[in-house]
Amino acid sequence: MSTTQHIKKNDIYNAFHEIWETEEPSDGVLHGLCIAIKDNIVTKKGTTTCGSKMLKGYNSPFNATVVDRLENAGAVLVGKTNCDEFAMGSSTEHCAWGPVKNPWDTNRVPGGSSGGSAVAVAANLCDAALGSDTGGSIRQPAALCGVVGYKPTYGNVSRYGLVAFASSLDQIGTFTHSVEDAAKITQCISGYDELDSTSYPETHPDLCENLKNPIKHLRIGVPSQYIGSNNETAVNDAIQDAIDTYKKLGASIVELELPLTDVGISTYYVLAPAEASSNLARYDGIRYGHRTDELCSDLFELYSKSRAEGFGDEVKRRIMLGTYVLSSGYYEAYYNNALKIRRLICEEYKTAFESCDVILGPTTPTVAFPLGSTADPVSMYLNDVYTANTNIAGICGISIPCGFSEEHGSRLPIGLHLQCAWHEDAKLLRIAQMFESATTFHTERPGVIA
Ligand code: GLN
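In this text, all values refer to a predicted model and were calculated from it rather than measured experimentally.

### Quick word on the packing of helix α5 (residues 179–189) against helix α13 (residues 425–438)
The geometry of a pair of packed helices is captured by two quantities: the angle between their axes and the separation between those axes.
Stage number 1. Across the interface, α5 lies against α13 with an axial gap of 9 Å and an inter-helix angle of 155 degrees. Taken as axis vectors, α5 and α13 run roughly antiparallel relative to one another. The residues of α13 that touch α5, namely those facing Val179, Glu180 and Ala183, are Leu429, Ala432, Gln433 and Glu436.
Stage number 2. The residue inventory of the contact of α5 with α13, partitioned by class, reads 4 nonpolar, 1 polar and 2 charged.

### Describing unusual backbone geometry
Stage number 1. Here the residue pair Gly112 and Ser113 is connected by a cis peptide bond, since its omega of 5 degrees sits within 30 degrees of zero.
Stage number 2. Locating Ser113 in the fold gives a position in the loop between β4 (76–81) and α3 (115–122).
Stage number 3. Residues other than glycine seldom take positive phi values, yet Asn210 does so here, at roughly 65 degrees.
Stage number 4. With a relative accessible area of 36%, Asn210 lands in the partly exposed category.

### Things to note about the site of the ligand
Stage number 1. Residues in contact with the ligand amount to 15 residues; listed here are only the nearest, Thr134, Gly135, Ser137, Tyr268 and Asp384.
Stage number 2. A distance of 2.7 Å is found between an oxygen atom of the ligand and a backbone nitrogen or oxygen belonging to Gly135.
Stage number 3. Side-chain polar atom of Asp384 to a nitrogen atom of the ligand: 2.5 Å apart, as the coordinates give it.
Stage number 4. Looking at the shell around the ligand residue by residue, the class counts come to 5 nonpolar, 7 polar and 3 charged.

### Describing the sheet that holds strand β5 (residues 128–133)
Stage number 1. Read across the sheet, 11 strands follow the order β2-β4-β3-β5-β7-β6-β11-β12-β10-β8-β9 without closing on themselves; strand pairing throughout is mixed. Where the open sheet ends on each side, the last strands, each with one partner, are β2 (16–19) and β9 (252–256). When the angles between neighbouring strand axes are averaged without regard to direction, this sheet yields 30 degrees.
Stage number 2. Relative to strand β12 (residues 412–420), strand β10 (residues 358–362) runs antiparallel, the two being bridged by 4 bridges. Across the sheet, the residue bridging to Pro362 is Leu416, located in β12.
Stage number 3. Relative to strand β7 (residues 171–176), α5 is tilted by about 145 degrees, and along the sheet it contacts β3 (34–38), β5, β6 (148–151), β7 and β11 (396–405).
Stage number 4. Of the strands in this sheet, β8 (219–223), β9, β10 and β12 touch helix α10 (residues 332–355), which is tilted by about 110 degrees from β10.

### As for the state of the cysteines
Stage number 1. Overall, the coordinates contain 0 disulfides when judged by the stated rule.
Stage number 2. With no disulfide partner, Cys145 has as its closest neighbouring cysteine sulfur the one in Cys126, 12 Å distant.
Stage number 3. The class for Cys145 is buried, based on a relative accessible area of 1%.
Stage number 4. We note that Cys420 lacks a disulfide partner, and the nearest cysteine sulfur, in Cys396, lies 5.3 Å from it.
Stage number 5. On the accessibility criterion, Cys420 (0% relative accessible area) is buried.

Quick notes on the rules
Residues numbered from 1 in each chain as written. Predicted model: local features only at pLDDT ≥ 70, side-chain atom pairs only at ≥ 80, totals over all residues. Heavy atoms only, no water. Axes fitted to C-alpha atoms, helices over the stretch in contact; angles between N-to-C directions. Helix = DSSP H or I, 4+ residues; strand = E, 2+ residues; numbered from the N terminus. Parallel < 35°, antiparallel > 145°, perpendicular 65-115°, else oblique. Contact = heavy atoms within 4.5 Å. Nonpolar A, V, L, I, M, F, W, Y, C, P; charged D, E, K, R; others polar. Buried < 20%, exposed > 50% of the residue type's maximum accessible area, 1.4 Å probe, protein only. Near = heavy atom within 4 Å. Polar contact = N/O pair within 3.5 Å; in protein donor to acceptor, adjacent residues only side chain to side chain. Pairing = 2+ DSSP bridges. Disulfide = S-S within 2.5 Å.

Listed below in C-alpha cells is the structure:
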C-alpha cells in the first residue's frame, strides 16, 4: 500500500543552489514564465559552480547564449539548480552542496545529473528549467520526478556557455510540465549560434507549428532490447500500456532489434571520460578554479593540490578513466574502438528509422532508487542504458510521464522514452504530444506542502 507523501518544502529546497530576486521581464513569447537554470550553464547574475568546490563562488563575466535568449523572450530567471559535480552522475548525490531529494519520496534520489532542475519543476517551485544531457541527464531525472524532459538533436541548441563535460555529447534541453512548454521554450533557445562551432547552420524545424496535429500512419518501433527482465515489472507494464495507447490512436507497432543497446554504456564510459579529462584540464587553480592555500614548492604541486582539493571522487574517477583510455598504448584499444562503435550505433539507428518514425521504450529500467544506494559506481552508470546511445548518435529524445509504480511503498513516476532521427525534433514532440493528450499522468503532482 502506498500513501502520497506530504513533504516539507525545506526538504526539497536543495533543488536550488541559488534563488534570485526576480526582475521585470521583457515582452516576448515566454513573458512571465519562471525558469530555473542548471548550475553548469553560465549566468552573469549569481554564481556558476557546476556543483563543485572547484568553482565555488565563480562569477561568469558573460551569459550562455540560452540565457540571453530566454531573457530576450521575456522569461523570468529564478535561480540556479543543483546538479551532480560537472554533470557526472545519475542521482544528484555527487553535488558538493549536498544531495537533492525526490519530491515523490524524499528518501529517494531525483536522478541526475540535472536533478535540481527536475525537482524544481516537479515540486512546482518554477514553471520550467534548463538542464544538460550528455548521456541521459535530462531524460533520466525527468522520468524519476514525473516531468517532461527533452534533449534536442545535437547542435540544435547552442552550447556556448554550457560548462563542457563531453563536448561531442553535451546538449542543453528543457524540463517542463507539458510537451507544449518544451516546444515553446526550445523554439526560443534553439537556432544557429556563431559562438558554438557545432551549432546546426541549416534552418531549424518550427517546433510549435502543427504540434497538436496527430501524425497519421504513425509507425512506432519497439526494440526487443528495451523490454524485459532488466526492467522493474511496473516499468514494463507502463510501457506496454503506452504501446496500447498509441495503438488506440491508430499507430502501428514495428518490432525492432537494436543489439548495440548493450554496448552503449561501455562506449559512453570511454568517450565521455576521455573528453572530460581533456575539458577539465583547465581547472588548474591558476586560470580557473580553486587554488590550494598550502605552500607549494613548484607549479606541479600547486596543480596537484588544487585539483585534489577542488574535485570530488566521481570527477576524479572520470579524469583517471579518461586519461587512461587516451594514453599511449591504450588509445587504440579503448578510445579508437569506442569511436568505431559510435559509428555502428549511428548506422543501427539509421537502419531502424527506415522502418519506423519513432523508437519507444522506458527512459530508465527502474523508478527512483533510495538515496545512498549508488556506492558502486557501475550500478549508477547502468541507469543510462536506454539514454546514452541517443547522445552517442546525436539524435533527439524525450521522456514523458507514463505511469506510476506502487511497488516501493510510495507512488513513484515512470518515464516513457521516445527517440526520433536527427533533426526530426518537431515530429518527436508531435508524437509525444499525442500521448500526453490521451493521458493524465503529466497532470499529477507530488504532495508538496509549505
Ligand atoms: N549519468 C551519466 C553520467 O554520469 C550522464 C550524465 C549526463 O548526461 N550529464 O555521465
